[in-house]
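Here are the chains, one letter per residue:
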Amino acid sequence: MLTQLAVFLLLSYFSAAQAAAPYALRLSCGARTNVHTAPTNTLWYKDYAYTGGVPANATRPSYITPPLSTLRFFPLSEGSENCYNINRVPPGHYLVRLFFGLVEDPNFDSEPVFDVSIQGTLVDSLSSGWSGQDDRVFTEALVFLTDGTASLCFHSTGHGDPAVIAIEILQVDDKAYNFGPQFGHGSILKTVKRLSAGAGRPRFGEDYGADPWGGDRFWNSLPTLGESADKAISVESAIKKISTAPNFYPQGLYQSALVSTDVEPEIIYNIDVEPNSNYSVWLHFAEIDPSITKAGERVFDILINGDVAFKAVDVVSMSGDVKTALVLNTTVAVEGKTLTLSLQPINNSLVIVNAIEVFQVITAEAKTLSAEVDALQSVKKALQLPSRLGWNGDPCVPQQHPWTGADCQFDSAKNKWFIDGLGLDNQGLRGFLPNDISKLSRIQSINLSGNSIHGSIPSTLGSISTLEILDLSYNFLNGSIPETLGNLNMLRILNLNGNKLSGRVPATLGGRLLHRASFNFTDNEGLCGIPGLATCGPHLSAGAKVGIVFAACLALLLVIGCLLVWYKRRQNILRAQKLAAREAPYAKRRTHFSRDVQMTIHQGTRTAAENGPILLS
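The following paragraphs examine the structure supplied in this document. (Residues numbered from 1 in each chain as written. Predicted model: local features only at pLDDT ≥ 70, side-chain atom pairs only at ≥ 80, totals over all residues. Heavy atoms only, no water.)

1. Here's the deal with the overall build of the protein
Note the cut-off: By definition, any uninterrupted DSSP run of H or I lasting at least four residues is a helix, any uninterrupted run of E lasting at least two residues is a strand, and each is numbered from the N terminus. We call a residue buried when its accessible area falls under 20% of the maximum for its residue type, exposed when it is over 50%, and partly exposed in between, using a 1.4 Å probe and counting protein chains only. Contact criterion: two residues are considered in contact whenever any of their non-hydrogen atoms come within 4.5 Å of each other. Here the Shrake-Rupley method, with its probe set to 1.4 Å, supplies the accessible areas, and only the displayed protein chains count as covering residues.
The number of helices and strands found in the protein is seven helices and 36 strands. Burial status across the protein gives 45% buried among its 617 residues. Sequence separation of at least 24 residues holds for 70% of the intrachain contacts in the protein that already meet a minimum separation of 6. Just so you have it, the protein exposes about 31800 Å², and 55% of that area is on carbon and sulfur atoms.

2. Here we look at the packing of aromatic side chains
Stated precisely, the cut-off is as follows: Within 6.5 Å between ring centres, the rings of Phe, Tyr and Trp (the latter by its six-membered ring) count as paired, and their orientation is classed by plane angle as stacked under 30 degrees, edge-to-face over 60, tilted in between. Our definition puts a charge over a ring when NZ of Lys or CZ of Arg is within 6 Å of the ring centre and also within 35 degrees of the ring normal.
This structure, assessed with the given rule, holds 20 aromatic pairs. Both rings, one in Phe-204 and one in Phe-218, keep their centres 4.9 Å apart while their planes meet at 50 degrees; by these two values the pair is tilted. Note that Phe-204 is positioned in strand E15 (residues 203–204) and Phe-218 in strand E16 (residues 218–222), a separation of 14 residues in sequence. Accessibility expressed as a relative area gives 18% for Phe-204, which makes it buried. For Phe-218, a relative accessible area of 4% gives the class buried. Each ring, one from Trp-219 and one from Tyr-249, has its centre 6.3 Å from the other, and the planes form 65 degrees; the classification is edge-to-face. A residue pair is termed long-range when its members are at least 10 positions apart, and Trp-219 in strand E16 and Tyr-249 in the loop between strand E17 (230–234) and strand E18 (256–260) qualify at 30 residues. By the ring-pair criterion, three or more aromatic residues cluster together here, those being Phe-74, Tyr-84, Phe-100, Phe-114, Trp-130 and Phe-154. Above the plane of the ring of Trp-219 lies Arg-194, whose end atom (NZ or CZ) is 5.4 Å from the centre.

3. What about the state of the cysteines?
Defined as follows: Cysteine sulfur atoms are paired as a disulfide whenever they fall within 2.5 Å.
Tallying each qualifying case throughout the model produces three disulfides. Here Cys-83 engages in a disulfide with Cys-153; their sulfurs sit 2.0 Å apart. Since a negative S-S torsion denotes a left-handed disulfide, the Cys-83-Cys-153 link at about 105 degrees is right-handed. Here the residue Cys-83 occupies a position in strand E6 (residues 81–87), and Cys-153 occupies one in strand E12 (residues 149–159), the gap between them amounting to 70 residues. Two residues share a disulfide in this structure: Cys-528 and Cys-536, whose sulfurs sit 1.8 Å from each other. Sign of the S-S torsion, about 110 degrees for the bond between Cys-528 and Cys-536, identifies this disulfide as right-handed. Among the residues examined, Cys-528 registers a relative accessible area of 12% and is labelled buried. Accessibility expressed as a relative area gives 18% for Cys-536, which makes it buried. Take the cysteines of the protein that form disulfides and number them in order along the sequence; they join up as 1-2, 3-4, 5-6.

4. Some words on the pairing of strand E4 (residues 54–59)
Our working definition: Pairing between strands requires that DSSP locate at least two bridges from one strand to the other.
With four bridges joining them, E4 and strand E5 (residues 70–73) adopt antiparallel strand pairing. Bridged to Pro-55 within E5 is Arg-72. Bridge count for E4 against strand E8 (residues 102–103) is two bridges, and the pairing is antiparallel. Directly across from Thr-59, in E8, lies its bridge partner Leu-102.

5. As for unusual backbone geometry
Residue Pro-39 is reached from Ala-38 by a cis peptide bond, and omega for that bond is 0 degrees. Inspection of the secondary structure puts Pro-39 in the loop between strand E2 (35–37) and strand E3 (42–46). At the junction of Ala-245 and Pro-246, the peptide bond is cis and its omega measures out at 5 degrees in the coordinates. Position of Pro-246 among the secondary structure elements: in the loop between E17 and E18. Non-glycine residue Asn-348 carries a positive phi angle of around 60 degrees. When you line up the elements, Asn-348 lands in the loop between strand E24 (338–346) and strand E25 (352–353). In this structure Asn-348 comes out as exposed when scored by relative accessible area, which is 82%. Of note in this structure, Gln-384 is not a glycine but carries a positive phi near 55 degrees. You can see Gln-384 is positioned in the loop between helix H4 (370–382) and strand E27 (406–411).

None of this, on its own, says anything about what the molecule does.
Given below as structure tokens:
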């Protein structure tokens, strides 16, 4: 009994530990098999079936790039937008990190330049020279994933083919980096800088032995700000109040620091940023200087771009003790291209800092209505869109990279985008028009002219009440014009010329020509019923036409059957006549012989009566 109880408790413990582990997915791009990397034996899954693109051997641009040998690049021939679409991601808050690489081939552009979006929001635009900067070889952002999917897209800007080495999707606490009222599903925090002051080398969270819920953050080293400007200090003793929810900072982060000097009592650090944006600044402190033993011995102000963000900071007093972690956070608006952080001492004391984090606050883009995305995917499949058009990710966002041929409008009431125009004329489309095109319920213009679209015009088009322009000219459409198109009261331009349509033009459409509508039905030999087209005969419904065809086919089969019967009987008669003619001479001779025999017999056997009376007695 005790053994069973122990086993039950052990299983319960491991189940609880497993349930508490954060979700983590790491992809080795272009890999054909799963990969383990040293020194932590980290598992990277192959990226097969997550995206398109071309696998290739990789050149790692930086030593902080994971030690992987392959990458995946996206040639422009496959479209200007290419995405990783990852499903079954549990809803939550995630650190998403993408490592970029260089194709190991001299025929390729040595350094492609492209844009990166997460969940439809543009988070990074790689600029020339990124491969030579350690903290630019990857993009990292904190984002909420709520619909079970992660969409990570790379947008070509015409300067080389986007290439990616690795992708990490690491779950963090739902309240991690809560920077204030804007925090939540409507915001994304893009990492600008994450620095460990006084540290000798860069480290990831795993190198610090950090809690997995911290997201395995990368901390670049800031060993000094300049000669004689500061000095690095470090300790090995434990730090209090570390690795706590929701941010789970590692202890090693607070065991090193930069302290100003008498020569330069103020610490100043400049960070390049995007102008006209909000930035969330997180500053880390722990009083590890043995010369400071109590509150009041080190006090300083913290200024951001000249404005006081924190006044009279006393680390020992605010944290509660020496060797105790203190985190300060504020959000500031920056108009220029530089964020300047200044720590200014008070009362002739020096200043200290252990770590710095700066994030750009990005408003998450609203997405396109899911029904309209599904409709466009049906159109993409039915019309056999060439891969060069892309059509990956969200049709309308990021706004800098909408789908080719898709025009979008924003519905502020629903906080969603919708499609109000579709222009794919002269694109070599060869499929058919799907019924689901009617799910673009607010579209105003459809232009699919100059392609090779075949099949019939869907009657469901008549349900799009907002449609004003429909151009399907110069395709291979056949069948009749649906009566439902007459329901389109907003329709101003209808071009169906240059197809293989037949039948009567619906009267409701013909009548619209009197109201300054521009309709073109020419170059369709089978159309009739309006001025400029042939005159229609008696109008028959489709059912009647089918009935006539069926009756004609039945009559034809009946005639063919009768002819076959007549032919068989005629052949039998002719065969009998030939047989009779062949046997006639033999039959005649047999008849003459029989008659002679009968006459001879008859004469030799006369009776007494025939011979007459006997005369002699």
